[in-house]
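# Topology and contacts: notes
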Amino acid sequence: TWHLKKIPQIVSERTFSLDSPKFEAKTKLELNSVCGIECQRKLPVPSLSDLKDLLSYETVFENGTRTLTEVNVLGLALDPAGNTTTRRSLRKKRQIYGTDSRFSIYDKRFMTNFPFNTAVKISTGCSGILISPKHVLTAAHCLHNGKDYVKGSKRLRVGLMKTKSRGGGRKQRRSGRKQGTSDGMPSFQWTRVKSTHIPKGWFKGVSGDIALDYDYAVLELKRPHKRKYMELGISPAIKMMPGSMIHFSGFDNDRSGQLVYRFCSISDESNDLFYQYCDAEPGSTGSGVYLRLKEPNKKKWKRKIIAVFSGHQWVDVNGEQQDYNVAVRITPLKYAQICFWIHGNDENCTQG
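Here is what the cut-offs are and how they apply
Residues numbered from 1 in each chain as written. Predicted model: local features only at pLDDT ≥ 70, side-chain atom pairs only at ≥ 80, totals over all residues. Heavy atoms only, no water. Helix = DSSP H or I, 4+ residues; strand = E, 2+ residues; numbered from the N terminus. Buried < 20%, exposed > 50% of the residue type's maximum accessible area, 1.4 Å probe, protein only. Contact = heavy atoms within 4.5 Å. Areas by Shrake-Rupley, 256 points an atom, 1.4 Å probe, with all protein chains shown as cover. Salt bridge = Lys/Arg side-chain N within 4 Å of Asp/Glu carboxyl O. Core = buried A, V, L, I, M, F, W, Y, C linked by side-chain atoms within 4.5 Å. Phe/Tyr/Trp six-rings, centres within 6.5 Å; stacked < 30°, edge-to-face > 60°. Lys NZ or Arg CZ within 6 Å of the ring centre and 35° of its normal. Disulfide = S-S within 2.5 Å. Arc of directions from axis to C-beta. Polar contact = N/O pair within 3.5 Å; in protein donor to acceptor, adjacent residues only side chain to side chain. Expected span 1.5 Å × (residues − 1). Pairing = 2+ DSSP bridges.

Further remarks concern the overall build of the protein chain. Assigned secondary structure in the protein chain consists of six helices and 17 strands. Residues classed as buried in the protein chain amount to 54% of the 352 residues present. Counting contacts in the protein chain only where the partners sit at least 6 residues apart, residues at least 24 apart contribute 76% of the total. Roughly 16500 Å² of accessible area belongs to the protein chain as shown, and the carbon and sulfur atoms make up 48% of that amount.

Quick look at the pattern of salt bridges now. Scanning the model with the defined rule gives nine salt bridges in all. Of the charged contacts, one joins Glu-58 and Arg-66 as a salt bridge, the two residues approaching to 3.2 Å between their closest N and O atoms. Residue Glu-58 is classed as buried on the basis of its relative accessible area, which comes to 9%. Bridged by salt links that share partners, the residues Glu-62, Arg-192 and Lys-222 form one connected network.

So, about the nonpolar core. Leu-55, Ile-131, Leu-137, Val-158 and Ile-338 are the most contacted members of the largest nonpolar core, which totals 68 residues. Element by element, the count of residues in this core is highest for helix α6 (residues 332-343), at eight residues. Core analysis: the second largest hydrophobic core is formed by 17 residues, Ile-246, Phe-248, Val-289 and Leu-293 among them.

With that out of the way, let us pick up the packing of aromatic side chains. For the structure on display, the rule yields eight aromatic pairs. Relative to Tyr-149, the ring of Phe-23 lies with its centre 5.9 Å away and its plane at 50°, an arrangement referred to as tilted. Of this pair, Phe-23 sits in the loop between β1 (9-18) and β2 (31-34) while Tyr-149 sits in the loop between β8 (135-138) and β9 (157-162); the two residues are 126 residues apart in sequence, bridging distant segments of the chain. Between Tyr-261 and Phe-263, the ring centres sit 6.1 Å apart and the planes meet at 40°, which makes this aromatic pair tilted. A relative accessible area of 14% places Tyr-261 in the buried class. Here the guanidinium or amino end of Arg-157 rests over the ring plane of Trp-190, the centre of that ring lying 4.8 Å away. Looking at Lys-334, its charged tip hangs above the ring of Tyr-214, at a distance of 5.4 Å from the centre.

To continue, consider the state of the cysteines. Within the structure shown, the criterion is met by one disulfide. Here Cys-126 connects covalently by a disulfide to Cys-142, the sulfurs 2.1 Å from one another. As the torsion about the S-S bond is roughly -95°, the Cys-126-Cys-142 disulfide counts as left-handed. Remark: Cys-142 occurs in the loop between β8 and β9 and Cys-126 occurs in the loop between β6 (119-122) and β7 (127-130); sequence separation between them is 16 residues. Both residues of the pair, Cys-126 and Cys-142, belong to the buried class.

Every buried residue of helix α2 (residues 48-55) is listed here: Leu-51, Leu-54 and Leu-55. In a view along the axis of α2, the buried residues occupy a sector of 85°, so they form one face of it.

In this structure, Thr-59 sits in strand β3 (residues 57-61). A relative accessible area of 4% means that Thr-59 is categorised as buried. One polar contact links Thr-59 to His-197, side chain to side chain, over a distance of 2.8 Å. In this view, Thr-59 contacts Thr-65, Arg-66, Thr-67, Ser-195, Thr-196 and His-197; residues no more than four positions away in its chain are not counted.

Bringing α6 into the picture now. The terminal C-alpha atoms of α6 lie 16 Å apart, and with 12 residues this matches the ideal 16 Å at 1.5 Å per residue to within 8%. Counted residue by residue, α6 has 10 buried out of 12 residues, so it is predominantly covered. Residues of α6 that are buried include every one of Leu-333, Lys-334, Tyr-335, Ala-336, Gln-337, Ile-338, Cys-339, Phe-340, Trp-341 and Ile-342, and no others. Gly-344 lies just past α6 and shows a positive phi near 80°.

On to the pairing of strand β13 (residues 259-269), then. Along β13, nine of the 11 residues are buried, which leaves the element largely enclosed by surrounding structure. Pairing geometry for strand β5 (residues 103-105) and β13, over three bridges, is antiparallel. Within the sheet, the bridge partner assigned to Ile-105 lies in β13 and is Leu-259. With six bridges joining them, strand β12 (residues 245-250) and β13 adopt antiparallel strand pairing. In the sheet register, Phe-248 faces β13, and the bridge partner there is Arg-262. Relative to strand β14 (residues 273-276), β13 is paired through three bridges, and the arrangement is antiparallel. Following the sheet pairing, Glu-269 is matched in β14 by Phe-274. Between β13 and β14, which pair antiparallel in sequence order, lie three residues.

Rendered as C-alpha cells:
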C-alpha cells in the first residue's frame, strides 16, 4: 500500500541573479569514482543547515539567464540513523547482467498509452518522465557535469512520443527521402524547455563527498502537453515493495528509436539511492522508476514515480571499483522540493 506521509515544507527565502552559464561541458552518460555503498555508510547525517544548502537550487531560463534560490526547510525530523544501507551480498556486474531482459515496446497501443506514454526523450541524449501537464523529471547529469551546463542544454528540448501521422507517406514521396519512422518505432513531437531546476547538492556531489544523492532535475515545458502523466510517490524501503521490484522505460542508445521497458529487483539501498541490476544502456539515464501499489483504503492500484534512474555508475566498494545501475530515491525532502518546483508553492505538497 502507498502510505501517506507528512511532508516537510520547502520554502524559498531569497533569489539571486547569477552570471549566465558557459554551456561548454561535454555530456557524460556514465560517471566514475563516486561515493559508493561503503562510502555512503560512513557519511555523517546532514544537519538542517547542510540540507538547506543542498536543497537550494539553480534555475536556468530559456534566454540563458540563471538564478540561485536559497530555501528553508520546515517541519523536518532528522533521522539519526544516517546513511544506512541494507547489507546484501555484492557481486561484480555489468550494464547488461547475464541474459538481456529488456523489452522493446513495438505496439502503438501500448506505446501511446499509460504508463509507457509518460517516457520522454531529452535532446542531450537522456530520457525523462512526465510528472505534470508542464514538467519533466530527469537526471541532473544529463544537463550539468557539476561544474558547467552541457553544450546541448542551452536550447533544450523534450521529445514526446507520437505515432506517425497519416500524411507522412505523401511528404516522403515528394522529397524522395524517408521522413517518418518504420512501423513500431516512435517519432517525436519536440517541445522547447522554458526553465530548468537543479538542486545545489548536485554541484557539490560530483566531488565525491555527497555521492549521487542529488542527481535529479526538473524541466518546465513552454507549453502544456495534453497527455496522462505519472504522479510522484515517496520511495518505500525495499522490504515494503512487492517482490522488491521496480520498473522503468527509456530510450536506450543501443536500441535506436525504440522505447525500452524493464523491471528488476533492487539489491541494496541507502537513504537516498537504490542499487540494482536492471539491464540498461546509456540513453535510458533520467528515466522515471516506478512502482504499482494499492491506494490506502481502496481496492485500486496506482503507479507512482519513486526514483530517477541515474545510470550505470562505478562505485568504490571495499577499496575496489564495482559497477551498478543506480537510481536516486524520492525521499520526503525531495518530494517536497519537486512538488514545490511544479506548483510554485508548498500548499499542494503537504501529504505525499
